[in-house]
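Spelled out from the first residue to the last, the chains are:
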Amino acid sequence: MAPISIADIVAALPAEDTWGPATSADNMLEGVPYAPFSKGDKLGRMADWTADSKGGDRGGRQQYNRNYRDQQVYGAGSGSLFAVQVAEDESSFSVVDNTRTSAKRTFGRGGGTVFRGRGQRGGPGQRGGRAGFQRVGAGRGGQGGDRYYDNRGGRGNRGRRFGWKDYDKPQRTREPSVNIRPDWSMLEEVDFNRLSKLNLQAPEGEDLENYGFLYYYDRSYDKAPVKNAERRLQSLERAAYNVTTSQDPVIQELAEKNEATVFATSDILSMLMCAPRSVYSWDIVIVHQGNKIFFDKREGASLDLVTVNENAADAPMEVAESSGKQDAINTPSALALEATFINHNFALQTVVESETSKVEFSHPNPFYNADEETEPLASKGYKYRRFDLSLESDEEPLNLVVRTEVDALVKNPVNGEDQQLIVKALNEFDSKAQGSGGSLDWRSKLYSQRGAVVATEMKNNSCKLARWTTQAILAKADGMKLGFVSRANPRSAAGHVVLGVAGYKPREFAAQMNLNLGNGWGIVRTIVDRIRALDAEEDADKVIKYILVKDPNRPVLRLYSVPAHAFEDDDEAAVEEEPEAKADEEEEA
């Protein structure tokens, strides 16, 4: 056989160029429908040929699973393009099932009928999914009759405790603590994430002046109460004061002596230092006059009220929000008034009022006028303390004067020295009501599981407890006494009983709560620097007023510039309303 040359091979090749993609005439897939895809499609499966038949009426994965309802599965739904069209004569045929079916309902283990909602898996006796609805009849462990468990599903009701489609429900809307007026201009807005990153080394304060007197704490409250002999919370008439910063005569005197640049009270300053923990709306008035800055509060401000379960995951709601299903005594405003009343009377009741054993401070109470007041004074000591907030880069020192408060004294069992205390009270309204935050029943668990009770209160009242601890540290108190006060009847806010008292050291309690005082001082220093920067070019004698407002529905602080005469009319109106309110009460009595 003669060898084949290269010329013979070239001659055998077709004349046209066959390199490159095949033409439409050579396309073997001609006639097959093309399923287009988008660039944003998820690359899950190349094709789902069983999309229309898999799952019966569920219509494919993306229809019955809510996690995929907004996503297009790659290739899903294209099976219908390749479905075989049946002949006309075959379409008239149908399959008939002649098997006999029982008319009785089938019962699972436990004698109950289970109706499974969307996404529910498993039968009776198994842990159900979301939106389960189970009716348990007289079966294994049943007592007869029907008991309904809605939205829990599963064995032992270990499913979700929330209602169906809770993730789609709108969040509750709270009202601001002060109405933002049109003539106010917003200067700054900062979220809590930025505030939480601030830090300043906590300064050591020094005492300037002491006013008032203190009684000794009654140690009998530290003992567990005898059953059926609970102590009732009494309503005592004592003169107690909570004057704002700029109206304090001692602070006015210290300001004239240039003892400091910034002035505040412990309740106002603690709210600012613990701002990242707050949920409810609050506001602080800032007055800048000359080189002095005063942190004030409005008349009847929310700072004076003690909140209840502010930080709970399921906090108390207003009656309008709960559609009338909740009693009016368990709303946030009603609970705040109740808690404020309890704290005021608990601090008065837990001291031994004895003229022979009380300890007088160097100066008398600066707010008491013996000629006008008829009620005896409450046990209260006011300590005016100065803190140095200066930095190394500051040309002039920056000092802060705070009016702190202590409530009682106690003897140190070791050396017999007097130790100063602050006395506060936690209150329980109804452990089974909405807004209780999953708290335990104090009457049965307070002494057997005190750690769990305190841990739950730390979670539900993080802001309130942080403020109290900050106030104790600012006052340099030696201890804290936290009372546990509950309603005598959960359905009535009229009577209360004292269930017990727990004692803590402020620094140790702050460590348990993960309370960082350095972060609080950093927030204060940042606000002061911002105010001083805004008024750097203003007249020294001009009074400039601001208000710092916490957004009621977002973790955000806003600083507004307000007119110099703002809130003065409100204070005058409140003073005028007091005699009218007293007259109305006398008429009703």
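These figures come from a predicted structure and were not determined experimentally.

Conventions and cut-offs
- Residues numbered from 1 in each chain as written.
- Predicted model: local features only at pLDDT ≥ 70, side-chain atom pairs only at ≥ 80, totals over all residues.
- Heavy atoms only, no water.
- Helix = DSSP H or I, 4+ residues; strand = E, 2+ residues; numbered from the N terminus.
- Buried < 20%, exposed > 50% of the residue type's maximum accessible area, 1.4 Å probe, protein only.
- Contact = heavy atoms within 4.5 Å.
- Areas by Shrake-Rupley, 256 points an atom, 1.4 Å probe, with all protein chains shown as cover.
- Salt bridge = Lys/Arg side-chain N within 4 Å of Asp/Glu carboxyl O.
- Pairing = 2+ DSSP bridges.
- Axes fitted to C-alpha atoms, helices over the stretch in contact; angles between N-to-C directions.
- Disulfide = S-S within 2.5 Å.
- Phe/Tyr/Trp six-rings, centres within 6.5 Å; stacked < 30°, edge-to-face > 60°.
- Lys NZ or Arg CZ within 6 Å of the ring centre and 35° of its normal.
- Expected span 1.5 Å × (residues − 1).
- Polar contact = N/O pair within 3.5 Å; in protein donor to acceptor, adjacent residues only side chain to side chain.

**Looking at the overall build of the protein chain**
Here comes step 1: Secondary structure summary: the protein chain contains 13 helices and 20 strands in total.
Here comes step 2: Residues counted as buried form 40% of the 589 residues belonging to the protein chain.
Here comes step 3: Within the protein chain, contacts between residues separated by at least 24 positions form 71% of all contacts whose residues are at least 6 apart in sequence.
Here comes step 4: By element, 48% of the accessible surface of the protein chain is carried by carbon and sulfur atoms, the whole surface being about 35,000 Å².

**Looking at the pattern of salt bridges**
Here comes step 1: All chains considered together, the criterion is met by 21 salt bridges.
Here comes step 2: For E353, the salt bridge is made with R238, and the minimal N-O distance between the two is 3.0 Å. Taken together, the residues E353 in the loop between β11 (351–352) and β12 (359–360) and R238 in the loop between β7 (231–232) and α5 (249–256) connect sequence positions 115 residues apart.
Here comes step 3: Taken together, the shared-partner salt bridges in this structure form one network comprising E189, D551 and R558.

**Points about unusual backbone geometry**
Here comes step 1: A positive phi angle is found at N258, which is not glycine, with a value near 55 degrees.
Here comes step 2: Of note, N258 is situated in the loop between α5 and β8 (262–265).
Here comes step 3: On the basis of relative accessible area, N258 is assigned to the exposed category, the value being 54%.
Here comes step 4: Not every positive phi belongs to a glycine, and K476 is a case in point at roughly 55 degrees.
Here comes step 5: With respect to the helices and strands, the residue K476 is situated in the loop between α10 (462–474) and β17 (479–489).

**Details of the pairing of strand β9 (residues 283–289)**
Here comes step 1: With six of seven residues buried, β9 is to be regarded as a mostly interior element.
Here comes step 2: Bridging between β9 and strand β19 (residues 543–550) involves seven bridges; their strand directions are antiparallel. When the sheet's bridge partners are listed, I284 is paired in β19 with L548.
Here comes step 3: Where β9 meets strand β10 (residues 292–296), five bridges bridge the pair, whose relative direction is antiparallel. Its bridge partner being in β10, Q289 is matched across the sheet by K292.
Here comes step 4: Connecting β9 to the next strand, β10, in antiparallel fashion are two residues, including G290 with a positive phi near 65 degrees.

**Some details on the sheet that holds strand β14 (residues 399–406)**
Here comes step 1: Reading across from one edge, β4-β20-β19-β9-β10-β8-β14-β13-β5-β12 is the order of the ten strands in this open sheet, with mixed pairing throughout. Edge positions in the sheet fall to β4 (185–191) and β12, since each of these pairs with one other strand and no more.
Here comes step 2: For β19 and strand β20 (residues 556–562), the ladder comprises six bridges, and the chain directions are antiparallel. Residue pairing across strands places I547 opposite Y560, the latter belonging to β20.
Here comes step 3: In the packing of helix α12 (residues 517–534) onto the sheet, contacts are made with β4, β8, β9, β10, β13 (380–388), β14, β19 and β20, and the angle to β10 comes to roughly 125 degrees.

**Focus: the state of the cysteines**
Here comes step 1: If you walk through the whole model with that rule in mind, you get zero disulfides.
Here comes step 2: The cysteine C274 is free of any disulfide, with C463 supplying the nearest cysteine sulfur at 6.2 Å.
Here comes step 3: According to the relative accessible area criterion, C274 is buried, its value standing at 3%.

**Concerning the packing of aromatic side chains**
Here comes step 1: Under the defined criterion, the tally for this structure stands at ten aromatic pairs.
Here comes step 2: Aromatic pair F367 and Y382: ring centres 5.3 Å apart, planes at 85 degrees, arrangement edge-to-face. Of this pair, F367 sits in the loop between β12 and β13 while Y382 sits in strand β13; the two residues are 15 residues apart in sequence, bridging distant segments of the chain. The two residues F367 and Y382 agree in class, both being buried.
Here comes step 3: Three or more aromatic residues joined by ring pairs make a cluster, and in this case those are W184, Y560 and F567.
Here comes step 4: It is R231 that lies over the ring of Y221; its NZ or CZ is 4.1 Å from the centre.
Here comes step 5: The side chain of K358 reaches across the aromatic face of F213, ending 4.2 Å from its centre.

**Description of α12**
Here comes step 1: For α12, with 18 residues, the first-to-last C-alpha span of 26 Å sits near the 26 Å given by 1.5 Å per residue.
Here comes step 2: If you check which residues of α12 are buried, you get L517, G518, N519, G520, W521, G522, I523, V524, R525, I527, V528 and I531.
Here comes step 3: Capping the start of α12 is the job of one residue whose side-chain oxygen sits 3.0 Å from the backbone nitrogen of G518: N516.

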